[in-house]
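The primary structure of each chain is shown beneath.
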Amino acid sequence: LQTMSGNEDDWLALKPQEPSPSQCCGSGCKPCIYDVYEKELAQWERAKAKQDKSLLMEKKEQSNNSELNPDTFTAFSISSVEQLTEDTYQYKFELPGNSSLRLSLGQHIVLRGMVNGLEVQRAYTPISPGTAEGYFEVLMKCYEAGLMSQYIKTWKKGDVVFWRGPFGGFPYQPNKHGELLMLASGTGLAPMLPILQSITDDEEDETFVTLVGCFRTFDKIYLKPVLQDLARYWNIRIFYVLSQETSLEKLPWSYQENTYIGRLNEDLMKTIINSCRRRPFVLICGSSAFNEDMSRYLKAVGIEEDSWFVF
């Protein structure tokens, strides 16, 4: 009997652990971490029934060949860390040889972090073009109390971190929509950038774009040089909405005419939509509160629900 219970303990030690809610990023990934758990649990039950541990061998795989994969986490090393604002960083990750992540537009990837022995997972959208070779870049905001933020704040060049994906994404097709209206709050800018980049890189793509970036203050606008470059294209306009600035006079003159002070509310939404050159298809990315507000304002100004997409 003794050997039997010892064996039981062995099997229990091998049993996959059910994910805690903090590990699910809530972005509707396929497969979700819970799907992966169900699959591993079924595999464990089969192995235990047959008393054959070799059936579990494939279970713990982490791939090191740096091929991004939705089911397992892959190791990537950090090649540079750049602080953009007091709480926002841009991280660059190495890809072997000249390989690229091959993400379709606006797709996100999921990061795994360990904090005080607790595993956390969060979704981020790379801001580098999907075709970038040898690297990818991610924009990350660190929150004072955020679990993942505590982990990210410890990163240095050369550290190795684990990602899986890709997931989601907006099925963008050149010239499908006459005009895209992008409503982005803070790091919600991330999924918009690869789409903008693909439009400006494609001579044949004549889609108009109006990007509205919502930030607290002028200093908090990320990636100003990138945005300024994009705004030079004939088909791209960029507006800023700064909720905590007090007056336009303080801003550089080049920003004054396309910046609004205050919040993006229903009236401002109406003004912006009326200024669009064609009836826009709307892309929304921000906090859940921001996404809900935007959806409400769009409805109020007569944009149908099938004419917007929330990241």
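Residues numbered from 1 in each chain as written. Predicted model: local features only at pLDDT ≥ 70, side-chain atom pairs only at ≥ 80, totals over all residues. Heavy atoms only, no water.

- The name recorded for the protein chain in an unreviewed UniProt entry is NADH-cytochrome b5 reductase-like, from Lophotis ruficrista.
- Looking at the protein chain in UniProt, the text filed under Function (unreviewed entry) is "NADH-cytochrome b5 reductases are involved in desaturation and elongation of fatty acids, cholesterol biosynthesis, drug metabolism, and, in erythrocyte, methemoglobin reduction."
- Comment text from UniProt for the protein chain, heading Catalytic activity (unreviewed entry), reads "2 Fe(III)-[cytochrome b5] + NADH = 2 Fe(II)-[cytochrome b5] + NAD(+) + H(+)". (UniProt positions renumbered as here; feature names shortened; annotations may be inferred.)

### Some points on the overall build of the protein chain
Next up, step 1: Along the backbone of the protein chain there are eight helices and 12 strands.
Next up, step 2: Projecting the C-alpha coordinates of the protein chain onto the three principal axes gives extents of approximately 80 × 40 × 35 Å.
Next up, step 3: Per-residue burial over the protein chain gives 48% buried out of 311 residues.
Next up, step 4: Residue pairs at least 24 apart in sequence account for 69% of intrachain contacts in the protein chain once pairs closer than 6 positions are excluded.
Next up, step 5: Accessible surface, the protein chain as shown: approximately 16,100 Å² in total, 48% of it carbon and sulfur. (Helix = DSSP H or I, 4+ residues; strand = E, 2+ residues; numbered from the N terminus. Buried < 20%, exposed > 50% of the residue type's maximum accessible area, 1.4 Å probe, protein only. Contact = heavy atoms within 4.5 Å. Areas by Shrake-Rupley, 256 points an atom, 1.4 Å probe, with all protein chains shown as cover.)

### Thoughts on the UniProt feature "binding site: FAD" (unreviewed entry) in the protein chain
Next up, step 1: As annotated in UniProt, the feature "binding site: FAD" (unreviewed entry) corresponds to R122, Y124, L139, K141, M148 and S149 in the numbering used here. In sequence the annotated residues extend across 28 residues, while in space they remain close, none of their C-alpha pairs exceeding 13.7 Å.
Next up, step 2: Considering the arrangement of structural elements, one finds R122 in strand β4 (residues 118–124).
Next up, step 3: By secondary structure assignment, the location of M148 is in helix α3 (residues 147–152).
Next up, step 4: On the basis of relative accessibility, which here comes to 3%, the residue M148 falls in the buried class.
Next up, step 5: M148 has contacts with L111, R112, G113, V120, Q121, R122 and Y124, leaving out every residue within four places of it along the chain.

### Brief notes about helix α7 (residues 266–275)
Next up, step 1: Taken residue by residue, α7 has L268, M269, I272 and I273 as its buried positions. Within α7, the buried residues cover an arc of 130 degrees as seen down the axis, which keeps them to one side. Set apart from the buried face of α7 by more than 90 degrees, the exposed residues are D267 and N274.
Next up, step 2: Each element contacted by the buried residues of α7 is listed here: β7 (179–185), β8 (208–215), β9 (236–242), β10 (259–261) and α8 (288–300).
Next up, step 3: The distance from a side-chain oxygen at the start of α7 to the backbone nitrogen of D267 is 3.3 Å, and the residue carrying that oxygen is N265. (Arc of directions from axis to C-beta. Polar contact = N/O pair within 3.5 Å; in protein donor to acceptor, adjacent residues only side chain to side chain.)

### Digging into the pattern of salt bridges
Next up, step 1: For the structure on display, the rule yields nine salt bridges.
Next up, step 2: Taking the shortest distance from any N to any O, the salt bridge between K39 and D71 comes out at 4.0 Å. Linking K39 in helix α2 (residues 33–50) with D71 in the loop between α2 and β1 (74–85), this pair joins segments that are 32 residues apart in sequence.
Next up, step 3: When the shortest N-O distance is used, the salt bridge between R237 and E179 registers 4.0 Å. Taken together, the residues R237 in strand β9 and E179 in strand β7 connect sequence positions 58 residues apart.
Next up, step 4: Overall, E179 belongs to the buried group, its relative accessible area being 0%.
Next up, step 5: When salt bridges with common partners are traced through the structure, they connect E179, R237 and R277 into a single cluster. (Salt bridge = Lys/Arg side-chain N within 4 Å of Asp/Glu carboxyl O.)

### Some thoughts on the nonpolar core
Next up, step 1: Formed by 33 residues in total, the largest nonpolar core has its most connected members in L180, M182, I195 and L211.
Next up, step 2: Per element, the largest residue contribution to this core is five residues, and it comes from helix α4 (residues 192–201).
Next up, step 3: Not counting residues up to four positions away in its chain, the partners in contact with M182 are M192, I195, L196, V209, T210, L211, V212 and L283.
Next up, step 4: Judged by nonpolar contacts, the second largest core, of 24 residues, contains F93, V115, C142 and M148. (Core = buried A, V, L, I, M, F, W, Y, C linked by side-chain atoms within 4.5 Å.)

### Some thoughts on the sheet that holds β1
Next up, step 1: The strand order across the open sheet built from six strands is β4-β3-β6-β1-β2-β5, with neighbouring strands paired in antiparallel fashion. Each end of this open sheet is capped by a strand with a single partner; those strands are β4 and β5 (135–141). Neighbour-to-neighbour, the strand axes of the sheet open up by a mean angle of 40 degrees, direction not taken into account.
Next up, step 2: Where β1 and strand β6 (residues 160–167) come together, four bridges link them in antiparallel fashion. Note on β6: the bridge partner recorded for A75 is F162. (Pairing = 2+ DSSP bridges. Axes fitted to C-alpha atoms, helices over the stretch in contact; angles between N-to-C directions.)

### Focus: the pairing of strand β3 (residues 108–115)
Next up, step 1: Here β3 lies mainly inside the structure; seven of its eight residues are buried.
Next up, step 2: Looking at chain direction, β3 and β6 are connected through four bridges and run antiparallel. Paired with H108 across the bridge in β6 is F167.
Next up, step 3: Of the strand pairs in this sheet, β3 and β4 are connected by seven bridges, and their pairing is antiparallel.

### So, the sheet that holds β10
Next up, step 1: Strand order in the open sheet made by the six strands is β10-β9-β8-β7-β11-β12, with parallel pairing throughout. Strand pairing shows two members of the sheet lacking a second neighbour, β10 and β12 (308–310), which therefore form its edges. Going from strand to strand, the sheet's axes swing by 15 degrees on average, the running direction of each strand aside.
Next up, step 2: For β9 and β10, the ladder comprises three bridges, and the chain directions are parallel. Residue pairing for β10: V241 is matched across the bridge by Y260.
Next up, step 3: Contacts from α4 reach β7, β8, β9 and β11 (280–285) within the one sheet, and its direction differs from that of β7 by about 150 degrees.

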